[in-house]
Amino acid sequence: MTLTIQNETIDLDNVSQLYPAAIIKYADGTVTPISLEWFDKMANQDVNLLHYAICIHYKEEAKPPSFFTYESRQKLEEGIADIAKQIDSSS
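Quick caveat, the model's predicted, so the values are computed rather than measured. (Residues numbered from 1 in each chain as written. Predicted model: local features only at pLDDT ≥ 70, side-chain atom pairs only at ≥ 80, totals over all residues. Heavy atoms only, no water.)

Draft legend 1. Representation of unusual backbone geometry. Residue Gln 6 is not a glycine yet carries a positive backbone phi of 45 degrees. Mapping Gln 6 onto the fold places it in the loop between strand E1 (2-5) and strand E2 (8-11). The phi angle at Asn 7 is positive, at roughly 65 degrees, despite the residue not being glycine. The exposed category is assigned to Asn 7, whose relative accessible area is 78%. (Helix = DSSP H or I, 4+ residues; strand = E, 2+ residues; numbered from the N terminus. Buried < 20%, exposed > 50% of the residue type's maximum accessible area, 1.4 Å probe, protein only.)

Structure representation (structure tokens):
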């Protein structure tokens, strides 16, 4: 099965993880994706939200992860709804 995210086609057979995240920057400059739950409950002045993203890690470890970014939580949720619609229509 394939998904299309922001005009890019992803073959799910090659995907090990697909998840939504908040991409944050810590005060020390470290940039990392974190779970939305962590961001909602634990984020404080020590972190800066850069953007939201759908993150994809591949089974082939040499292939770098893909990050599809969204400027707002609402846009991310629309992206998630689009993925769900694609999965539902393939069943």
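Draft legend 2. Expanded view of the pairing of strand E6 (residues 66-70). Residues Ser 66, Phe 68 and Tyr 70 point to one face of E6 and are all buried, whereas Phe 67 and Thr 69, pointing to the other face, are not buried. Summarising the sheet, strand E5 (residues 47-58) and E6 pair through five bridges and their orientation is antiparallel. When the bridges of E6 are listed, Ile 54 appears paired with Phe 68. (Pairing = 2+ DSSP bridges.)

Draft legend 3. The arrangement of the environment of Met 1 in detail. With respect to the helices and strands, Met 1 occurs in the segment before E1. Contacts of Met 1, omitting those with residues within four sequence positions, involve Ile 10, Asp 11, Leu 12, Asp 13, Gln 86, Ile 87 and Ser 90. (Contact = heavy atoms within 4.5 Å.)

Draft legend 4. Geometry of the pattern of salt bridges. Here the structure, examined in full by the defined rule, presents four salt bridges. Where Glu 37 meets Lys 41, a salt bridge forms, and the shortest distance between an N and an O atom there is 3.4 Å. Pair noted here: Glu 37 and Lys 41 are both in helix H1 (residues 36-42), with a separation of four residues, about one helical turn. Residue Glu 37 is classed as exposed on the basis of its relative accessible area, which comes to 53%. On the basis of relative accessible area, Lys 41 is assigned to the exposed category, the value being 63%. Between Arg 73 and Asp 40 there is a salt bridge, with the nearest N and O atoms lying 2.9 Å from each other. Of this pair, Arg 73 sits in helix H2 (residues 73-90) while Asp 40 sits in helix H1, and the two are 33 residues apart along the sequence. The partly exposed category is assigned to Arg 73, whose relative accessible area is 24%. (Salt bridge = Lys/Arg side-chain N within 4 Å of Asp/Glu carboxyl O.)

Draft legend 5. Representation of the sheet that holds E5 in the model. The four strands lie next to each other as E4-E3-E5-E6, forming an open sheet whose pairing is antiparallel. With partners counted over all chains shown, the strands left at the sheet margins are strand E4 (31-34) and E6, one partner each. Direction aside, the axes of adjacent strands within the sheet are offset by 35 degrees on average. Contacting strand E3 (15-26), E5 and E6, H2 crosses the sheet at an angle of about 15 degrees to E5. (Axes fitted to C-alpha atoms, helices over the stretch in contact; angles between N-to-C directions.)

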